[in-house]
Amino acid sequence: MRSRIATLLIGLGALVLWIGSRFTWLTVDTFDDKSGAATLGIPGATWSTEATAVVLLLLAACVAGFALRRTGRRIVGAVAALAAVGASWQPLVLLAGQPDPERARTLLTSGAASQRADAEVLISEWAEVTNLSVGVTGPVLALLGCAIALFGGVLLAVRPGVDSAQRNKYERKQDREAKIAEDLEETPDSGRVMWDALDADIDPTDHR
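Values in this document were obtained by computation on a predicted structure and should not be read as measured data.

Asks: Help me understand the environment of Leu 108, please; the structure alone is not making it clear to me.
Replies: In this fold, Leu 108 is placed in helix H6 (residues 101-110). Spatially, the C-alpha atoms of Leu 108 and Ile 123 are 6.0 Å apart, while their sequence positions differ by 15 residues.

Asks: Teacher, can you tell me more about the packing of aromatic side chains here?
Replies: Two measures describe an aromatic ring pair: the distance that separates the ring centres and the angle between the ring planes. According to the stated counting rule, one finds 0 aromatic pairs in the structure shown. Cation over ring: Arg 103 sits above Trp 47, and NZ or CZ is 4.3 Å from the ring centre.

Asks: Looking at this structure, how should I read helix H7 (residues 137-158)?
Replies: Each full turn of the α-helix corresponds to 3.6 residues, which orients residues three or four apart in the same direction. If you check H7, its first and last C-alpha atoms are 32 Å apart, about what 22 residues at 1.5 Å a residue would give, namely 32 Å. Within H7, burial applies to Gly 138, Pro 139, Ala 142, Gly 145, Cys 146, Ile 148, Ala 149, Gly 152, Gly 153, Leu 156 and Ala 157. The elements touched by buried residues of H7 are helix H1 (2-22), strand E1 (24-32), helix H3 (50-67), helix H4 (70-87) and helix H5 (89-96).

Asks: Just checking my understanding: could you explain the pattern of salt bridges for this structure?
Replies: Pairing is possible between side chains that carry opposite charge, provided their charged atoms lie close to one another. In this structure the tally under the stated criterion is 1 salt bridge. Residues Arg 105 and Glu 102 are paired through a salt bridge, measuring 3.3 Å at the closest nitrogen-oxygen approach. Residue Arg 105 and its partner Glu 102 are located together in helix H6, separated by 3 residues, close to a single helical turn. With relative accessibility at 41%, the residue Glu 102 sits in the partly exposed group.

Asks: Help me understand the side chain of Thr 30 in this model?
Replies: On the secondary structure map, Thr 30 appears in strand E1. On the basis of relative accessibility, which here comes to 4%, the residue Thr 30 falls in the buried class.

Asks: Teacher, can you tell me more about the sheet that holds E1 here?
Replies: Pairing between the strands of a sheet is mediated by backbone hydrogen bonds and can be parallel or antiparallel. Taken in spatial order, the 3 strands of this open sheet run E2-E1-E3, and their pairing is antiparallel. Bordering the open sheet on either side are strand E2 (36-43) and strand E3 (128-134), each of which pairs with just one other strand. Strand after strand, the sheet turns through a mean of 20° between neighbouring axes, direction not considered. Pairing of E1 with E3, which is carried by 6 bridges, proceeds in the antiparallel orientation. Opposite Thr 30, over in E3, you have Val 129 as the bridge partner.

Asks: What is the right way to look at the nonpolar core in this model?
Replies: If you look at the biggest cluster of nonpolar residues, it comprises 30 residues, and the most contacted ones within it are Leu 17, Val 28, Ile 42, Trp 47 and Leu 58. Among the elements of the structure, H1, E1, H3, H4, H6 and H7 are those that each provide at least two residues to this core. Excluding residues that lie within four positions of it along the chain, Leu 17 makes contacts with Ala 51, Val 54, Val 55, Leu 58, Ala 87, Ala 142, Gly 145 and Cys 146.

Asks: Can you help me understand H1 in this one?
Replies: Taking 1.5 Å of rise per residue, 21 residues should cover 30 Å, and H1 covers 31 Å from first to last C-alpha, within 8% of that figure. Taken residue by residue, H1 has Ser 3, Ala 6, Thr 7, Leu 9, Ile 10, Gly 11, Gly 13, Ala 14, Val 16, Leu 17, Gly 20 and Ser 21 as its buried positions. Buried residues along H1 sit against E1, E2, helix H2 (44-47), H3, H4 and H7.

Asks: Is there a simple way to explain the packing of H3 against H4 in this structure?
Replies: Helix-helix packing: each pair is described by the crossing angle between the helix axes and the interaxial distance. Closest axis-to-axis distance for the H3/H4 pair is 10 Å, and the angle between their directions is 160°. With respect to each other, H3 and H4 are oriented roughly antiparallel. In the packing of H3 onto H4, the handedness of the crossing is left-handed. Side by side, H3 and H4 meet where Glu 50, Val 54, Leu 57, Leu 58, Ala 61, Ala 64 and Gly 65 of the first sit next to Arg 73, Val 76, Val 79, Ala 80, Ala 83, Gly 86 and Ala 87 of the second. The residue makeup of the contact of H3 with H4, split by class, is 10 nonpolar, 2 polar and 2 charged.

Criteria and cut-off values
- Residues numbered from 1 in each chain as written.
- Predicted model: local features only at pLDDT ≥ 70, side-chain atom pairs only at ≥ 80, totals over all residues.
- Heavy atoms only, no water.
- Helix = DSSP H or I, 4+ residues; strand = E, 2+ residues; numbered from the N terminus.
- Phe/Tyr/Trp six-rings, centres within 6.5 Å; stacked < 30°, edge-to-face > 60°.
- Lys NZ or Arg CZ within 6 Å of the ring centre and 35° of its normal.
- Expected span 1.5 Å × (residues − 1).
- Buried < 20%, exposed > 50% of the residue type's maximum accessible area, 1.4 Å probe, protein only.
- Contact = heavy atoms within 4.5 Å.
- Salt bridge = Lys/Arg side-chain N within 4 Å of Asp/Glu carboxyl O.
- Pairing = 2+ DSSP bridges.
- Axes fitted to C-alpha atoms, helices over the stretch in contact; angles between N-to-C directions.
- Core = buried A, V, L, I, M, F, W, Y, C linked by side-chain atoms within 4.5 Å.
- Parallel < 35°, antiparallel > 145°, perpendicular 65-115°, else oblique.
- Left-handed = near helix turned anticlockwise from the far one by under 90°.
- Nonpolar A, V, L, I, M, F, W, Y, C, P; charged D, E, K, R; others polar.

It is worth stressing that arrangement in space is one thing and function is another; only the former is reported here.
See below:
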């Protein structure tokens, strides 16, 4: 049960991080001699380029957490936790420190801030950044998403749960035989258990 909750937390963290990365993290005031003053926004997915990749990784980890067995879940949890820590760096630095105006100018000059492949250049090469203001909502949401994913990843790594003994074509033969032997001990008169024993070439009378 805990492993499922942890896996869902990883998925929830990915969703919150994605929502946070859609917000405008920086509002930039620029000026150049020809076009004059302009105010432009830089979304989180542009300022923190790794955010989108981490969102996809966390979503993949969420799916893997349900599909994999115990050891696999433990590894997935550790990877998700490390990814969440990495993704938290940019929003944390943005909130705690002073954003780099030259980086903001480079993003706006290249047109990357529009998040469109065919975007026109937003400002000219000679434009100057006159002011930067940080939008708190986006970075805070991103940090919250990272925290949720980190908690889920650590919980999954520490408490990956116990694999259920499901009968399927991938189940090892010895595991199935051990389960049938246990069922014969507990309910020797069960018709289902007897048929399972015969199907596995086990004599049900040996356990009476």
